[in-house]
Amino acid sequence: AQTIHQWPVAEIKAVGSPLSLGCTIKGKSSPNLYWYWQATGGTLQQLFYSITVGQVESVVQLNLSASRPKDDQFILSTEKLLLSHSGFYLCAWSGGNAETLYFGSGTRLTVL
Amino acid sequence: GDSVTQTEGQVALSEEDFLTIHCNYSASGYPALFWYVQYPGEGPQFLFRASRDKEKGSSRGFEATYDKGTTSFHLRKASVQESDSAVYYCALGLNNNAGAKLTFGGGTRLTVRP
């Protein structure tokens, strides 16, 4: 069975500080990987997706970047956090372009 | 652009009530339609999907039928339980170029009173 692990569970960071969030998928070879963002009480917005190692496509510009250094790993980062970056970050995977997305348990980010 | 509209932002019911959450979509192609459920502090969980007109998806007593004519995928459950309290999201998926893109509705918060 496939498992998806996100880290950290929660972060409290200062405005202007750097950020790195991670996600690892086990039990699935060459998954499509995704980053979503959810404001408190809001809907889910896709940020990035990747269909292969080293290739990441941006969907929304939010002063964030993503990388896929390994087949089973997806990283979300920024060098300078903004207050507007606060929210719930979700990593997801799918088996292919037409497949269902499965989400991780998320990282709660609070920027002060 | 593609969009999903959930009419009800909040629904409050008592146990054993019948549930309907309305979902309508607008898409340029022929999308797959999904329902997800999200409990507090967790990521969304996949409930079920449908990919063709008149196809019914179901899981855990919830069901929805893909209706291309009315561009709808309404969620229904005959008898809700307190444990069904959560936020429900309708989503559409289109395969444009590479990578699947799920577009989510605004979500419907369901509260079930014991």
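Since this is a predicted model, take the numbers as computed values, not measurements.

1. Regarding the overall build of chain B
Scanning chain B for helices and strands turns up 0 helices and 12 strands. Scanning chain B from its N terminus toward the C terminus, one meets helices and strands in the order β-β-β-β-β-β-β-β-β-β-β-β. Relative to the 2.2 N^0.38 estimate, which gives 13 Å for 114 residues, the radius of gyration of chain B is 14 Å and therefore close to what a compact globule would have. Considering only C-alpha atoms, chain B reaches an extent of 45 × 30 × 20 Å along its principal axes. Expressed as a percentage of its 114 residues, the buried residues of chain B come to 46%. Contacts in chain B between residues at least 24 apart in sequence constitute 54% of all its contacts with a sequence separation of at least 6. Counting only carbon and sulfur atoms, one obtains 45% of the accessible surface of chain B, whose full area is about 5,200 Å². If you average the places of the 11 positive and of the 12 negative side-chain charges in chain B, the two averages end up 7 Å apart.

2. As for the interface of chain A and chain B
Between chain A and chain B, the contact holds 23 residues from the first and 20 residues from the second. Together chain A and chain B conceal approximately 1,700 Å² of surface at their shared face, both sides included; 52% is due to carbon and sulfur atoms. Summed over the shared surface of chain A and chain B, the result is 0 salt bridges. The interface formed by chain A and chain B holds 7 residue pairs in polar contact (both at pLDDT 80 or more) in total. Those elements that place two or more of their residues in the side of chain A that touches chain B are β4 (32-38), β5 (44-52), β9 (87-94) and β10 (102-103) of chain A.

3. Quick look at the pattern of salt bridges
Residue and element names in this part refer to chain B. Tallied over the entire structure, the rule returns 6 salt bridges over all chains. With its nearest N and O atoms 3.3 Å apart, the salt bridge here joins D53 to K54. Between D84 and K77 there is a salt bridge; the shortest N-O distance is 2.7 Å. A residue is classified by how much of its surface remains accessible, and D84, at 8% relative accessible area, is buried.

4. Describing the nonpolar core
Nonpolar side chains in soluble globular proteins tend to be buried together. In terms of nonpolar packing, the biggest core is built from 26 residues, with L19(B), W35(B), F48(B), F73(B) and Y88(B) touching the most fellow members. If you list the elements that add at least two residues to this core, you get β2 (10-14), β3 (19-21), β4 (23-26), β5 (32-38), β6 (45-50), β8 (62-65), β10 (86-95) and β12 (108-113) of chain B. In terms of residue count, the dominant contributor to this core is β10(B) (5 residues). Counting residues in hydrophobic clusters, the runner-up holds 20 residues, among them C23(A), L47(A), A66(A) and L109(A).

5. Comments concerning the environment of Q2(A)
All names here are of chain A. By the element assignment, Q2 lies in the segment before β1 (3-7). Linking Q2 and G41, residues 39 residues apart in sequence, is a C-alpha distance of 28 Å. The residues contacting Q2, other than those within four sequence positions of it, are K26, G27, K28 and W93.

6. What about the sheet that holds strand β7 (residues 56-59) of chain B?
Residue and element names in this part refer to chain B. In space, the 4 strands of this open sheet follow the order β3-β9-β8-β7, with antiparallel pairing throughout. Because the sheet does not close on itself, it has two edges, and the strands there are β3 and β7. Each neighbouring strand pair of the sheet contributes to a mean axis angle of 20°, computed without reference to strand direction.

7. Some remarks on unusual backbone geometry
For the bond running from W7(A) to P8(A), omega is -10°, close enough to zero to count as cis. Within the element layout of this structure, P8(A) appears in the loop between β1 and β2 (10-13). Positive phi, close to 50°, is recorded for S30(A), a residue that is not glycine. Of note in the backbone geometry, T71(B) takes a positive phi value of approximately 45° without being a glycine.

Procedures and definitions
Residues numbered from 1 in each chain as written. Chains lettered and ligands numbered in written order. Predicted model: local features only at pLDDT ≥ 70, side-chain atom pairs only at ≥ 80, totals over all residues. Heavy atoms only, no water. Helix = DSSP H or I, 4+ residues; strand = E, 2+ residues; numbered from the N terminus. Rg over C-alpha atoms; globule rule 2.2 N^0.38 Å. Buried < 20%, exposed > 50% of the residue type's maximum accessible area, 1.4 Å probe, protein only. Contact = heavy atoms within 4.5 Å. Areas by Shrake-Rupley, 256 points an atom, 1.4 Å probe, with all protein chains shown as cover. Lys, Arg positive; Asp, Glu negative; His and termini not counted. Charge placed at Lys NZ, Arg CZ, Asp CG, Glu CD. Buried area = accessible area lost by both parts, 1.4 Å probe. Salt bridge = Lys/Arg side-chain N within 4 Å of Asp/Glu carboxyl O. Polar contact = N/O pair within 3.5 Å; in protein donor to acceptor, adjacent residues only side chain to side chain. Core = buried A, V, L, I, M, F, W, Y, C linked by side-chain atoms within 4.5 Å. Pairing = 2+ DSSP bridges. Axes fitted to C-alpha atoms, helices over the stretch in contact; angles between N-to-C directions.

Everything listed is a geometric property; what it means functionally is a separate question.
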